[in-house]
Amino acid sequence: MVTAGGDAPGLNAAIRAIGRCALDEGDVVVGVLNGWTGLLEPEDHRVLGAADLSGILPLGGTIIGSSRTPPLDDEGSLHRLIVGVERLELDALITIGGDGTLSLARRLSEAGVRVVGIPKTIDFDVAGTEVCIGFDSALAVVVEALDRLHTTAASHHSVAVLETMGRDTGWLAALGGLAGGADVVCLPEFPVTIDDVAEQLLARRQAGKLSSIVIVAEGSPIGGIDEPPIPLDVSGHPQMARRAIGERIATSIESMTGFESRATVLGHLQRGGSPVATDRVWATRLGAAALAVAREGTATAVAVRGGAVTPATLQELTDSRPHVPESLYKLCCLVG
Ligand code: F6P
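Criteria and cut-off values
Position numbers for residues count from 1 along each chain, tracking the sequence in the order it is written. Totals for whole chains, interfaces and linings use all residues, but because this is a predicted model, local features are given only for residues with pLDDT of at least 70 and pairs of side-chain atoms are given and counted only at 80 or more. Hydrogens are left out, water is left out, and the side-chain values use all remaining heavy atoms of the structure. Counting from the N terminus, the helices are DSSP H or I runs at least four residues long and the strands are E runs at least two residues long. Radius of gyration: over C-alpha atoms. The globule rule applied is 2.2 Å multiplied by the number of residues raised to the 0.38 power. Throughout, a contact is declared for two residues whenever any of their heavy atoms are within 4.5 Å. In this tally Asp and Glu are treated as negative and Lys and Arg as positive; neither His nor the chain ends contributes. To locate a charge, take NZ of a lysine, CZ of an arginine, CG of an aspartate or CD of a glutamate. For two strands to pair, DSSP has to find at least two bridges joining them. Only the stretch in contact is used when a helix axis is fitted, and all axes are lines through C-alpha atoms; the angle between N-to-C directions ranges over 0 to 180 degrees. Helix span, expected: 1.5 Å multiplied by one less than the number of residues in the helix. Three labels apply to residues, based on accessible area from a 1.4 Å probe with only protein chains included: buried if under 20% of the type maximum, exposed if over 50%, partly exposed otherwise in between. The arc under discussion is defined with respect to the helix axis, by the directions toward the C-beta atoms. When describing relative orientation, an angle under 35 degrees is termed roughly parallel and one over 145 degrees roughly antiparallel, while 65 to 115 degrees is termed roughly perpendicular and anything else oblique. Here a crossing is called left-handed whenever its near helix is offset anticlockwise from the far helix by less than a right angle, and right-handed whenever the offset is clockwise. Ring pairs shown here join Phe, Tyr and Trp side chains whose ring centres sit within 6.5 Å, with only the six-membered ring taken for Trp; geometry is labelled stacked below 30 degrees between planes, edge-to-face above 60, and tilted in between. Nonpolar core, defined: a set of buried Ala, Val, Leu, Ile, Met, Phe, Trp, Tyr and Cys residues in which side-chain atoms within 4.5 Å join the residues together. The near set for a molecule or strand comprises every residue that places at least one heavy atom within 4 Å of it. Side-chain atoms alone can form a polar contact between residues adjacent in sequence; in general such a contact is a pair of N or O atoms within 3.5 Å, and within protein one must be able to donate a hydrogen while the other accepts it. Computed with a 1.4 Å probe, the accessible areas rest on the Shrake-Rupley method; for each residue, only the protein chains presented here act as cover. The classification used treats Ala, Val, Leu, Ile, Met, Phe, Trp, Tyr, Cys and Pro as nonpolar, Asp, Glu, Lys and Arg as charged, and all other residues, Gly among them, as polar.

Chemist: Let's hear about the overall build of the chain: which residues, and what values?
Modeler: Looking only at helices and strands, the chain has 10 helices and 13 strands in total. Computed over C-alpha atoms, the radius of gyration of the chain comes to 21 Å, within 12% of the 20 Å expected from 2.2 N^0.38 for 336 residues, which places it in the range of a compact globule. Sequence-distant contacts, at least 24 apart, represent 72% of the contacts inside the chain between residues at least 6 apart. Of the side chains in the chain, 26 bear a positive and 41 a negative charge, and the two mean positions are spaced by 3 Å.

Encoded structure:
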(Lines give C-alpha, C1' and ligand atoms only; values in the text may rest on other atoms or scores of the structure.)
Protein backbone atom coordinates (compact mmCIF):
# COMPACT_ATOMS: atom_id res chain seq x y z
CA MET A 1 0.00 0.00 0.00
CA VAL A 2 1.03 3.59 -0.51
CA THR A 3 -0.10 6.90 1.01
CA ALA A 4 0.65 9.96 -1.11
CA GLY A 5 -0.11 13.68 -1.14
CA GLY A 6 -0.88 15.72 1.97
CA ASP A 7 -1.41 13.59 5.07
CA ALA A 8 -4.86 13.42 6.69
CA PRO A 9 -6.21 12.04 9.96
CA GLY A 10 -7.46 8.48 9.43
CA LEU A 11 -4.69 7.23 7.13
CA ASN A 12 -3.35 4.97 9.85
CA ALA A 13 -6.81 3.59 10.55
CA ALA A 14 -7.03 2.57 6.89
CA ILE A 15 -3.51 1.11 6.90
CA ARG A 16 -4.40 -0.87 10.02
CA ALA A 17 -7.58 -2.28 8.49
CA ILE A 18 -5.92 -3.22 5.20
CA GLY A 19 -2.98 -4.77 7.03
CA ARG A 20 -4.99 -6.71 9.59
CA CYS A 21 -7.43 -8.11 7.04
CA ALA A 22 -4.54 -9.04 4.75
CA LEU A 23 -2.57 -10.76 7.52
CA ASP A 24 -5.70 -12.65 8.44
CA GLU A 25 -5.79 -14.01 4.87
CA GLY A 26 -2.10 -14.98 5.06
CA ASP A 27 -0.91 -12.19 2.73
CA VAL A 28 2.41 -10.40 2.97
CA VAL A 29 1.75 -6.71 3.67
CA VAL A 30 4.16 -4.20 2.16
CA GLY A 31 4.16 -0.49 2.98
CA VAL A 32 5.74 1.63 0.24
CA LEU A 33 7.53 4.41 2.10
CA ASN A 34 7.07 8.16 1.63
CA GLY A 35 4.57 8.24 -1.20
CA TRP A 36 5.21 7.33 -4.83
CA THR A 37 8.93 7.97 -4.54
CA GLY A 38 9.13 4.80 -2.40
CA LEU A 39 8.47 2.76 -5.53
CA LEU A 40 11.50 4.25 -7.23
CA GLU A 41 14.04 3.28 -4.57
CA PRO A 42 14.75 -0.43 -3.95
CA GLU A 43 15.07 0.05 -0.18
CA ASP A 44 12.08 2.33 0.42
CA HIS A 45 9.51 -0.18 1.59
CA ARG A 46 8.71 -2.03 4.77
CA VAL A 47 7.05 -5.37 5.40
CA LEU A 48 4.37 -4.68 8.00
CA GLY A 49 3.61 -7.22 10.71
CA ALA A 50 0.97 -7.35 13.42
CA ALA A 51 3.12 -5.30 15.81
CA ASP A 52 3.47 -2.48 13.27
CA LEU A 53 -0.30 -2.21 13.03
CA SER A 54 -0.91 -2.12 16.74
CA GLY A 55 -1.76 1.12 18.54
CA ILE A 56 -2.02 3.22 15.38
CA LEU A 57 -5.80 3.65 15.15
CA PRO A 58 -5.87 7.04 16.92
CA LEU A 59 -2.59 8.28 15.41
CA GLY A 60 -2.60 11.15 12.93
CA GLY A 61 -0.26 11.13 9.92
CA THR A 62 0.79 7.91 8.24
CA ILE A 63 3.23 5.34 9.60
CA ILE A 64 4.53 4.68 6.08
CA GLY A 65 5.14 8.35 5.31
CA SER A 66 3.85 10.46 2.46
CA SER A 67 5.11 13.00 -0.02
CA ARG A 68 3.76 15.29 -2.70
CA THR A 69 3.56 13.58 -6.07
CA PRO A 70 6.79 14.18 -7.96
CA PRO A 71 6.38 15.54 -11.51
CA LEU A 72 5.48 12.43 -13.51
CA ASP A 73 4.25 13.62 -16.83
CA ASP A 74 6.27 11.35 -19.03
CA GLU A 75 5.86 7.68 -19.85
CA GLY A 76 9.40 6.98 -18.59
CA SER A 77 8.45 7.97 -15.05
CA LEU A 78 5.31 5.85 -15.17
CA HIS A 79 7.42 2.93 -16.37
CA ARG A 80 9.77 3.38 -13.39
CA LEU A 81 6.79 3.12 -11.03
CA ILE A 82 5.63 -0.06 -12.77
CA VAL A 83 9.14 -1.50 -12.44
CA GLY A 84 8.94 -0.64 -8.71
CA VAL A 85 5.67 -2.57 -8.34
CA GLU A 86 7.19 -5.55 -10.16
CA ARG A 87 10.40 -5.42 -8.11
CA LEU A 88 8.35 -5.68 -4.91
CA GLU A 89 6.30 -8.51 -6.48
CA LEU A 90 3.06 -6.84 -5.43
CA ASP A 91 -0.13 -8.63 -6.47
CA ALA A 92 -2.02 -5.39 -5.95
CA LEU A 93 -1.26 -1.84 -4.85
CA ILE A 94 -3.75 -0.11 -2.55
CA THR A 95 -3.38 3.64 -2.91
CA ILE A 96 -4.82 6.06 -0.36
CA GLY A 97 -4.93 9.62 -1.63
CA GLY A 98 -6.68 12.63 -3.08
CA ASP A 99 -7.24 13.73 -6.64
CA GLY A 100 -3.56 13.86 -7.68
CA THR A 101 -2.67 10.51 -6.13
CA LEU A 102 -5.76 8.77 -7.48
CA SER A 103 -5.13 10.22 -10.97
CA LEU A 104 -1.67 8.71 -10.97
CA ALA A 105 -3.13 5.44 -9.65
CA ARG A 106 -5.54 5.54 -12.58
CA ARG A 107 -2.66 5.82 -15.04
CA LEU A 108 -0.97 2.83 -13.42
CA SER A 109 -4.22 0.92 -13.58
CA GLU A 110 -4.65 1.78 -17.26
CA ALA A 111 -1.10 0.52 -17.80
CA GLY A 112 -2.13 -2.88 -16.41
CA VAL A 113 -1.13 -2.68 -12.74
CA ARG A 114 -3.75 -3.97 -10.29
CA VAL A 115 -4.45 -0.83 -8.27
CA VAL A 116 -7.26 0.03 -5.84
CA GLY A 117 -7.80 3.63 -4.74
CA ILE A 118 -9.23 4.86 -1.44
CA PRO A 119 -10.38 8.52 -1.33
CA LYS A 120 -8.59 10.67 1.24
CA THR A 121 -8.37 14.43 1.46
CA ILE A 122 -9.21 17.11 3.98
CA ASP A 123 -10.43 19.15 1.01
CA PHE A 124 -13.38 16.75 0.37
CA ASP A 125 -12.97 17.21 -3.37
CA VAL A 126 -12.85 13.68 -4.74
CA ALA A 127 -15.80 12.86 -6.98
CA GLY A 128 -18.08 9.85 -6.66
CA THR A 129 -17.88 9.41 -2.90
CA GLU A 130 -19.71 10.79 0.11
CA VAL A 131 -16.68 10.34 2.33
CA CYS A 132 -13.03 11.33 1.97
CA ILE A 133 -10.86 10.12 4.85
CA GLY A 134 -9.66 13.10 6.92
CA PHE A 135 -12.33 15.64 6.06
CA ASP A 136 -14.46 15.20 9.19
CA SER A 137 -11.40 15.56 11.42
CA ALA A 138 -10.23 18.71 9.65
CA LEU A 139 -13.74 20.13 9.80
CA ALA A 140 -13.80 19.61 13.57
CA VAL A 141 -10.56 21.62 13.88
CA VAL A 142 -12.06 24.48 11.84
CA VAL A 143 -15.23 24.56 13.93
CA GLU A 144 -13.34 24.49 17.21
CA ALA A 145 -11.16 27.38 15.99
CA LEU A 146 -14.26 29.40 15.07
CA ASP A 147 -15.84 28.75 18.47
CA ARG A 148 -12.68 30.07 20.12
CA LEU A 149 -12.39 33.09 17.83
CA HIS A 150 -16.02 34.08 18.46
CA THR A 151 -15.45 34.71 22.15
CA THR A 152 -12.28 36.74 21.67
CA ALA A 153 -13.73 38.80 18.82
CA ALA A 154 -16.89 39.43 20.85
CA SER A 155 -14.89 40.53 23.90
CA HIS A 156 -12.74 42.96 21.89
CA HIS A 157 -15.35 44.09 19.35
CA SER A 158 -12.98 43.01 16.61
CA VAL A 159 -12.92 41.12 13.33
CA ALA A 160 -11.38 37.65 13.26
CA VAL A 161 -10.27 36.30 9.88
CA LEU A 162 -9.78 32.53 9.79
CA GLU A 163 -7.82 31.09 6.85
CA THR A 164 -8.48 27.43 6.08
CA MET A 165 -6.96 25.08 3.54
CA GLY A 166 -8.71 24.60 0.22
CA ARG A 167 -6.76 25.48 -2.89
CA ASP A 168 -9.38 24.71 -5.53
CA THR A 169 -12.51 23.94 -3.52
CA GLY A 170 -13.99 25.53 -0.43
CA TRP A 171 -15.73 22.66 1.37
CA LEU A 172 -13.81 23.12 4.62
CA ALA A 173 -14.51 26.86 4.73
CA ALA A 174 -18.15 26.48 3.63
CA LEU A 175 -19.16 23.69 6.01
CA GLY A 176 -16.85 24.97 8.75
CA GLY A 177 -18.37 28.42 8.34
CA LEU A 178 -21.87 27.00 8.58
CA ALA A 179 -21.13 24.87 11.63
CA GLY A 180 -19.05 27.54 13.35
CA GLY A 181 -21.27 30.51 12.54
CA ALA A 182 -18.93 32.59 10.33
CA ASP A 183 -20.42 35.91 9.23
CA VAL A 184 -18.60 36.23 5.90
CA VAL A 185 -17.52 33.20 3.87
CA CYS A 186 -14.97 33.44 1.02
CA LEU A 187 -14.52 30.41 -1.23
CA PRO A 188 -12.42 29.57 -4.31
CA GLU A 189 -15.64 28.92 -6.24
CA PHE A 190 -17.19 32.37 -5.75
CA PRO A 191 -14.94 35.40 -6.34
CA VAL A 192 -15.61 38.50 -4.23
CA THR A 193 -13.80 41.81 -3.81
CA ILE A 194 -12.32 43.22 -0.62
CA ASP A 195 -14.89 46.04 -0.99
CA ASP A 196 -17.69 43.42 -0.76
CA VAL A 197 -16.16 42.02 2.42
CA ALA A 198 -15.67 45.46 4.01
CA GLU A 199 -19.22 46.48 3.08
CA GLN A 200 -20.67 43.41 4.81
CA LEU A 201 -18.66 44.13 7.94
CA LEU A 202 -19.72 47.78 8.01
CA ALA A 203 -23.36 46.73 7.54
CA ARG A 204 -23.08 44.35 10.47
CA ARG A 205 -21.62 47.09 12.67
CA GLN A 206 -24.44 49.42 11.68
CA ALA A 207 -26.91 46.70 12.66
CA GLY A 208 -25.35 46.73 16.13
CA LYS A 209 -23.12 43.67 15.78
CA LEU A 210 -19.84 44.64 17.33
CA SER A 211 -17.71 41.71 16.23
CA SER A 212 -17.48 39.62 13.08
CA ILE A 213 -15.92 36.43 11.85
CA VAL A 214 -14.62 36.04 8.29
CA ILE A 215 -13.65 32.58 7.06
CA VAL A 216 -11.56 32.36 3.91
CA ALA A 217 -10.35 29.28 2.03
CA GLU A 218 -6.71 29.84 1.06
CA GLY A 219 -7.43 29.66 -2.68
CA SER A 220 -10.28 32.20 -2.72
CA PRO A 221 -10.00 34.94 -5.33
CA ILE A 222 -10.35 38.30 -3.57
CA GLY A 223 -10.44 41.24 -5.97
CA GLY A 224 -8.81 44.53 -5.01
CA ILE A 225 -5.92 43.06 -3.02
CA ASP A 226 -2.41 43.31 -4.52
CA GLU A 227 -0.60 39.99 -4.43
CA PRO A 228 2.82 38.86 -5.59
CA PRO A 229 3.01 35.65 -7.68
CA ILE A 230 2.40 32.50 -5.61
CA PRO A 231 5.37 30.05 -5.45
CA LEU A 232 4.78 26.49 -6.71
CA ASP A 233 5.25 23.29 -4.70
CA VAL A 234 7.13 20.18 -5.93
CA SER A 235 4.07 18.92 -7.77
CA GLY A 236 3.65 22.23 -9.59
CA HIS A 237 0.65 23.50 -7.63
CA PRO A 238 0.55 27.03 -6.21
CA GLN A 239 1.56 26.86 -2.54
CA MET A 240 -1.43 28.74 -1.21
CA ALA A 241 -0.16 29.03 2.36
CA ARG A 242 2.57 31.37 1.03
CA ARG A 243 -0.16 33.61 -0.38
CA ALA A 244 -1.11 34.69 3.14
CA ILE A 245 -4.56 35.74 1.98
CA GLY A 246 -5.99 35.76 5.53
CA GLU A 247 -3.36 38.26 6.66
CA ARG A 248 -3.87 40.41 3.56
CA ILE A 249 -7.63 40.48 4.13
CA ALA A 250 -7.25 41.38 7.81
CA THR A 251 -4.84 44.22 7.00
CA SER A 252 -7.13 45.59 4.27
CA ILE A 253 -10.24 45.35 6.47
CA GLU A 254 -8.54 47.24 9.26
CA SER A 255 -7.47 50.08 6.97
CA MET A 256 -10.83 50.21 5.13
CA THR A 257 -13.15 50.02 8.16
CA GLY A 258 -11.05 50.98 11.15
CA PHE A 259 -12.11 47.77 12.93
CA GLU A 260 -9.33 45.94 14.72
CA SER A 261 -8.78 42.81 12.59
CA ARG A 262 -6.62 39.78 13.22
CA ALA A 263 -5.87 36.78 10.99
CA THR A 264 -5.48 33.19 12.19
CA VAL A 265 -4.05 30.63 9.79
CA LEU A 266 -4.95 27.04 10.64
CA GLY A 267 -2.47 25.50 8.18
CA HIS A 268 -1.28 22.03 9.07
CA LEU A 269 -3.28 22.00 12.32
CA GLN A 270 -6.11 20.90 10.02
CA ARG A 271 -4.20 17.89 8.78
CA GLY A 272 -2.50 16.69 11.94
CA GLY A 273 -3.67 14.99 15.09
CA SER A 274 -6.12 12.23 15.95
CA PRO A 275 -8.92 11.33 13.56
CA VAL A 276 -12.47 11.84 14.81
CA ALA A 277 -14.62 8.71 15.25
CA THR A 278 -16.30 8.91 11.83
CA ASP A 279 -12.94 9.07 10.03
CA ARG A 280 -11.74 6.03 11.99
CA VAL A 281 -14.86 4.07 11.16
CA TRP A 282 -14.95 4.94 7.43
CA ALA A 283 -11.19 4.46 7.05
CA THR A 284 -11.53 0.99 8.57
CA ARG A 285 -14.49 0.07 6.39
CA LEU A 286 -12.92 1.48 3.21
CA GLY A 287 -9.60 -0.20 3.98
CA ALA A 288 -11.20 -3.62 4.50
CA ALA A 289 -13.29 -3.22 1.34
CA ALA A 290 -10.26 -2.11 -0.68
CA LEU A 291 -8.41 -5.25 0.31
CA ALA A 292 -11.36 -7.45 -0.71
CA VAL A 293 -11.61 -5.70 -4.07
CA ALA A 294 -7.84 -5.92 -4.58
CA ARG A 295 -7.87 -9.67 -3.95
CA GLU A 296 -10.79 -10.24 -6.33
CA GLY A 297 -9.62 -7.74 -8.95
CA THR A 298 -13.22 -6.62 -9.39
CA ALA A 299 -12.85 -2.84 -9.14
CA THR A 300 -10.18 -0.15 -9.14
CA ALA A 301 -11.47 1.89 -6.19
CA VAL A 302 -13.82 1.93 -3.23
CA ALA A 303 -16.13 4.76 -2.20
CA VAL A 304 -19.05 5.57 0.06
CA ARG A 305 -22.40 5.97 -1.66
CA GLY A 306 -25.88 5.97 -0.16
CA GLY A 307 -24.21 5.59 3.23
CA ALA A 308 -22.56 2.29 2.31
CA VAL A 309 -19.07 1.27 1.19
CA THR A 310 -19.17 0.21 -2.42
CA PRO A 311 -16.76 -0.83 -5.21
CA ALA A 312 -16.03 2.03 -7.62
CA THR A 313 -13.60 2.94 -10.37
CA LEU A 314 -10.64 5.29 -10.38
CA GLN A 315 -12.22 6.89 -13.42
CA GLU A 316 -15.34 7.82 -11.43
CA LEU A 317 -13.20 9.26 -8.66
CA THR A 318 -10.95 11.35 -10.90
CA ASP A 319 -13.03 12.38 -13.94
CA SER A 320 -14.32 15.50 -12.25
CA ARG A 321 -13.89 17.51 -9.06
CA PRO A 322 -16.87 18.35 -6.84
CA HIS A 323 -17.13 22.06 -6.09
CA VAL A 324 -19.23 23.79 -3.44
CA PRO A 325 -22.62 24.36 -5.09
CA GLU A 326 -24.17 27.81 -5.26
CA SER A 327 -27.07 26.71 -3.05
CA LEU A 328 -24.68 25.90 -0.20
CA TYR A 329 -22.76 29.14 -0.69
CA LYS A 330 -26.02 31.09 -0.63
CA LEU A 331 -26.99 29.39 2.62
CA CYS A 332 -23.62 30.39 4.12
CA CYS A 333 -24.27 34.00 3.07
CA LEU A 334 -27.88 33.92 4.26
CA VAL A 335 -27.20 32.70 7.76
CA GLY A 336 -23.86 34.51 8.12
O1 F6P B 1 -3.95 18.33 -0.06
C2 F6P B 1 -4.67 19.44 -0.33
C3 F6P B 1 -4.36 20.57 0.60
O4 F6P B 1 -5.00 20.40 1.80
C5 F6P B 1 -4.75 21.88 -0.08
O6 F6P B 1 -5.96 22.40 0.34
C7 F6P B 1 -3.61 22.76 0.28
O8 F6P B 1 -3.45 23.77 -0.69
C9 F6P B 1 -2.47 21.82 0.34
O10 F6P B 1 -2.98 20.64 0.86
C11 F6P B 1 -1.33 22.35 1.17
O12 F6P B 1 -0.35 21.38 1.26
P13 F6P B 1 1.09 21.63 1.84
O14 F6P B 1 0.93 22.41 3.09
O15 F6P B 1 1.62 20.27 2.08
O16 F6P B 1 1.83 22.38 0.80
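Chemist: Got a sec to walk through the sheet that holds strand β7 (residues 184-186)? Specific residues and values, please.
Modeler: Pairing is parallel across the open sheet formed by 4 strands, whose spatial order is β7-β9-β6-β11. Each of the sheet's edge strands pairs with one partner strand only, and the pair in question is β7 and β11 (261-265). On average, each strand axis in the sheet is tilted by 15 degrees relative to the strand beside it, whichever way the strands run.

Chemist: Kindly report on helix α7 (residues 245-257), identifying the contributing residues and their values.
Modeler: Look at α7: 18 Å from first C-alpha to last across 13 residues, which is about the 18 Å you get at 1.5 Å a residue. Where α7 is concerned, the buried positions are I245, G246, I249, A250, S252, I253 and T257. Of the surrounding elements, those touching the buried residues of α7 are β6 (159-164), α6 (194-206), β9 (212-217), β10 (222-223) and β11. The first or second residue beyond α7 is G258, which carries a positive phi of 80 degrees.

Chemist: If you had to explain helix α2 (residues 75-87) to someone new, which residues and values would you point to?
Modeler: The end-to-end C-alpha separation of α2 is 18 Å, in line with the 18 Å expected for 13 residues at 1.5 Å each. Along α2, the positions that sit buried rather than exposed are S77, L78, L81, I82, G84 and V85. Buried residues of α2, viewed axially, fall in a sector of 155 degrees; they line one side. Turned more than 90 degrees away from the buried face of α2 sit E75, H79 and E86, all of them exposed. Turning to α2, the residues buried within the fold contact β4 (93-97) and α3 (99-110). E89 lies just past α2 and shows a positive phi near 55 degrees.

Chemist: I'd like a rundown of the packing of helix α4 (residues 135-156) against helix α5 (residues 171-180), residues and numbers included.
Modeler: Where α4 meets α5, the axes come as close as 9 Å, and the angle between the chain directions of the two elements is 50 degrees. As far as their axial angle goes, α5 and α4 are oblique. The element α4 and its partner α5 pack so that their crossing is right-handed. For the pair α4 and α5, the contacting residues are F135, A138, L139, V142, V143, L146, D147 and H150 in the first and W171, L172, L175, G176, G177, A179 and G180 in the second.

Chemist: Describe the packing of aromatic side chains, and please don't skip the residues or the numbers.
Modeler: Under the defined criterion, the tally for this structure stands at 3 aromatic pairs. When the ring of F124 is compared with that of W171, the centres are 5.4 Å apart and the planes differ by 90 degrees; the resulting orientation is edge-to-face. Of this pair, F124 sits in the loop between β5 (115-119) and α4 while W171 sits in helix α5, and the two are 47 residues apart along the sequence. Comparing F124 with W171 shows no difference in burial state: the two are buried. Between F190 and Y329, the ring centres sit 4.2 Å apart and the planes meet at 0 degrees, which makes this aromatic pair stacked. Taken together, the residues span a long stretch of sequence, with F190 in the loop between β7 and β8 (192-193) and Y329 in helix α10 (residues 326-335) at a distance of 139 residues. Across this residue pair, the class does not change: F190 and Y329 are buried. Each residue in the set F124, F135 and W171 is aromatic and connected to the rest through ring pairs, giving one cluster.

Chemist: Hey, could you go over the nonpolar core for me, with residue numbers and the actual values?
Modeler: Counting 75 residues, the largest nonpolar core has W36, L93, L108, V161, I249 and I253 as the members making the most contacts within it. Once residues within four sequence positions are removed from consideration, V161 is found in contact with V214, V216, G246, I249, A250, I253, R262, A263 and T264. One finds L11, A14, I56 and I133 within the second-largest nonpolar core, a separate group that totals 29 residues.

Chemist: Would you mind going over the pairing of strand β12 (residues 301-305) in detail, with residue names and values included?
Modeler: Taken across its 5 residues, β12 has 4 buried, putting it largely inside the fold. Direction of pairing for β12 relative to strand β13 (residues 308-312): antiparallel, over a ladder of 5 bridges. Bridging from a neighbouring strand, A301 pairs with A312 of β13. What sits between the antiparallel neighbours β12 and β13 is a turn of 2 residues, in which G306 has the positive phi angle 60 degrees.

Chemist: Please provide a residue-by-residue account of the environment of R80, values included.
Modeler: Inspection of the secondary structure puts R80 in helix α2. Distance from R80 to L39, taken between C-alpha atoms, is 8.0 Å for residues 41 residues apart in sequence. Every residue in contact with R80, bar those within four places of it in the chain, is listed here: L39 and L40.

Chemist: Describe in detail the site of the ligand, supporting the description with residues and values.
Modeler: Surveying the vicinity of the ligand reveals the residues R68, I122, D123, M165, G166, R167, E218, H268 and R271. Taking R68, its side chain carries an N or O atom lying 2.6 Å from an oxygen atom of the ligand. A distance of 3.1 Å is found between an oxygen atom of the ligand and a side-chain nitrogen or oxygen belonging to R271. Starting from 400 Å² of accessible surface for the ligand in isolation, the protein chains cover 84%. When the residues that make up the shell around the ligand are grouped by side-chain class, the tally is 2 nonpolar, 2 polar and 5 charged.

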